[in-house]
Amino acid sequence: MRRGRFFLLVMLGALVCSVSIASAECTISFLHQLGNDHLGSGVFSEDRDVAVDSKGNVWVADTGHSRVQEFNSSGEFVTKFGVSGALALAIDSEGNIWTVDSKKVYEYKQTGELIRSFGTEGEGNGQFEFVQDIAVDPSGNVWVVEKSQAEIGEGFGKNRVQEFNSKGEYLNQFGKEGTGNGEFKSPEGIAIDSEGNILVADTGNNRYQEFNSAREFVRKVGTKGSENGQFKEPKGIAVDSEGKVWVVDSGNSRVERFSAKGSYLSQFGTKGDENGQFTSPRGVAVSGSNVWVADTGSDRVQEFNFSGEFVRKFGLSVSGPGFLLQPRDVAIDSKGNAWVADTGHSRVQEFNSSGEFVTQFNVADAPKAIDLDSEGNVWVVSETKVRKYKANGELILSFGSAGQGNGQFWEASGIAVDSSGNVWVVDSVEEFTGFSKTRVQKFNSKGEYLSQFGKQGTENGQFKLPQAITVDSEGNILVADTGNNRYQEFNSASEFVRKIGTKGSENGQFVEPKGIAVDSESKVWVTDTGNNRIERFSAKGGYLNKFGSKGDENGQFTSPRGIAVSGSNIWVADTGNNRVQELSCL
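Residues numbered from 1 in each chain as written. Predicted model: local features only at pLDDT ≥ 70, side-chain atom pairs only at ≥ 80, totals over all residues. Heavy atoms only, no water.

### Details of the packing of aromatic side chains
To describe a pair of aromatic rings, one takes the distance between the centres and the angle between the planes. Under the criterion given, the structure shown has 39 aromatic pairs. Ring centres of tryptophan 339 and phenylalanine 361 lie 6.5 Å apart, and the angle between their planes is 50°; on these two criteria the pair is classed as tilted. Of the two residues, tryptophan 339 is situated in strand 34 (residues 338-342) and phenylalanine 361 in strand 36 (residues 357-362); the sequence distance between them amounts to 22 residues. Comparing tryptophan 339 with phenylalanine 361, the two get one shared label, buried. Three or more aromatic residues joined by ring pairs form one cluster here, namely Trp98, Phe118, Phe128, Phe164 and Tyr170. Above the ring of phenylalanine 130, the side-chain terminus of lysine 103 is found at 5.3 Å from the ring centroid. (Phe/Tyr/Trp six-rings, centres within 6.5 Å; stacked < 30°, edge-to-face > 60°. Helix = DSSP H or I, 4+ residues; strand = E, 2+ residues; numbered from the N terminus. Buried < 20%, exposed > 50% of the residue type's maximum accessible area, 1.4 Å probe, protein only. Lys NZ or Arg CZ within 6 Å of the ring centre and 35° of its normal.)

### Comments concerning the pairing of strand 40 (residues 395-399)
Bridge analysis of strand 39 (residues 386-389) against strand 40 gives four bridges, and the strand direction is antiparallel. By the bridge assignment for strand 40, arginine 387 is matched with serine 398. Between strand 39 and strand 40, which pair antiparallel in sequence order, lie five residues; one of them, glycine 393, sits at a positive phi of approximately 95°. (Pairing = 2+ DSSP bridges.)

### Thoughts on the nonpolar core
Buried together is how nonpolar side chains tend to be arranged in soluble globular proteins. Counting 14 residues, the largest nonpolar core has Ile28, Trp525, Ile534, Phe547, Ile563, Ile570 and Val572 as its most contacted members. Looking at this core, the elements with two or more residues in it are strand 2 (27-34), strand 53 (563-566), strand 54 (569-574) and strand 55 (579-585). Membership of the second largest hydrophobic core comes to 13 residues, among which are Ala90, Val105, Phe118 and Val144. (Core = buried A, V, L, I, M, F, W, Y, C linked by side-chain atoms within 4.5 Å.)

### Some points on the sheet that holds strand 7 (residues 77-82)
Judged by pairing direction, the sheet is antiparallel, and its four strands sit side by side in the order 4-5-6-7 without closing on themselves. Each having just a single partner strand, strand 4 (47-52) and strand 7 make up the two edges of the open sheet. For this sheet the average axis-to-axis angle between neighbouring strands, irrespective of direction, equals 20°. Note: strand 6 (residues 67-71) against strand 7, five bridges, orientation antiparallel. By the bridge assignment for strand 7, phenylalanine 71 is matched with phenylalanine 77. (Axes fitted to C-alpha atoms, helices over the stretch in contact; angles between N-to-C directions.)

### Observations regarding the pairing of strand 43 (residues 439-443)
Both faces of the sheet carry side chains from a regular strand, because those side chains alternate between them. Burial analysis of strand 43 places five of its five residues in the buried class, the great majority of the element. In strand 43, alternate side chains face the same way, and those of Arg439, Gln441 and Phe443 on one face and Val440 and Lys442 on the other are all buried. In this sheet, strand 43 lies alongside strand 42 (residues 423-427) in antiparallel orientation, the contact comprising five bridges. Bridge pairing in strand 43 links valine 426 to valine 440. Taken together, strand 43 and the strand that follows it, strand 44 (residues 449-453), pair antiparallel across an intervening segment of five residues, in which glycine 447 is found at a positive phi of about 85°.

### Regarding the pattern of salt bridges
Two side chains bearing opposite charge may form a pair once their charged atoms approach each other closely. Summed over the entire model, instances satisfying the criterion amount to 25 salt bridges. The partner of aspartate 249 in a salt bridge is arginine 254, with the nearest N and O atoms 2.7 Å apart. Comparing aspartate 249 with arginine 254 shows no difference in burial state: the two are buried. Beyond isolated ion pairs, a larger network of salt bridges with shared partners links Lys147, Glu188 and Arg282. (Salt bridge = Lys/Arg side-chain N within 4 Å of Asp/Glu carboxyl O.)

Here you go:
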């Protein structure tokens, strides 16, 4: 990372706070946080189920965030609360919320207060191994569908439905592994109609089955395929007030509707992320004349009328624009726009100087680091490849391959472009691999190999798992020598100048430093990742000050990585908290 670069996570809005820490030469003050909040209201991560209460409010099992969120009939956020399990949900006649994890059932008030829980791990009566869905009948009895994990082997779960009373007391069960009537293969959905009939999405058998209130088999509907009335892994099922059955045909990315007796009526949906399209949909709910679908793969809920016409959608996806997943680096262009290596999403995102999303493009491999040259081209490094893109995402150049030869990489982790356009890449190798090419390589702007320095070790000019690199305005090279708990400086001729730091938590010590930057006064800022803090040093390595501690409050960090300094401001990639904090040094 070179001077003037910072690591940015973009957020809707900014929060200003007065946290400050006095230091030897300046006072560090928290300014604001950047980046969409992954845990924000209305944000989903793998929402798997949906239900509608008597007021018409929509409740969503936000599975990836282990919580339930409520929205009004217009799709506006109302409230949320954390739950112990959010694989599926149901609402009883009193408005209480029932949720499940794989081995337990929970009942909550709408305020989030836990009323009861029941279930233990096992295959006995009232026990669970792999719960998939839950339903509450008009009498208040609770029905739970489970599946076995056949790929694990015998004795791991049962394909069955268990019934409990409203107090969680076991009543009875039905179903077993198989393809016959009343038998199941990995069932994942259940619904109860107004007469107490039970409908089960028999996912592995590509059908649904209906049973009467006495648990007696009534009918089976569907076969494997993509034609009308066929299924590919149906995972969600609901019944409307007229007895019509709505099935989420997950593998075909659609919803199919059937008569009360199982005759095919209609369908809607195709694969995609546009309105009316789905990606791995799961749960479904019906109320009045509308249908809600948990579009799990797109982290949203879509609402339709009974004709299959799109009404609205709600929910923000953690993979949408402005959301970053484990971003590891960022660079700033001449306009002040930020380009982020969105590592977890294998893409690059651009944001303007106000933190607003501008554009994005996908890259072939998960980007580990990023930099910009003087012409505004975007350089991205993955483990074994360097790629150069235009700002519009057009690939200009790529070079590198897996290996130890000149111009090859084993696990490249950092990149910097100097003022002459030369490209510096730091390559990090785990000791157990048996490879010794832990080094820094230099290339010209055409990707042609020029030189290298460094090797595995603990001596001057040697490295252990180096993670970041920066080049200052005079061409000096600074490397975060992570495994040796220090940073090293080299002159423009790649000659060793100095090393700073030892392992520890005292002033001037490090535990796995993973980010480094140089400011306009040549002061060095180091992300001391293992100690969850930032340390500042003079141009010659004299310790100046530090700030930060472990946590998620303002001015605290969890596994921070990238850092940049511009003027009197510092940006820290608070990676473990999925955010960037901006602070000032005055």
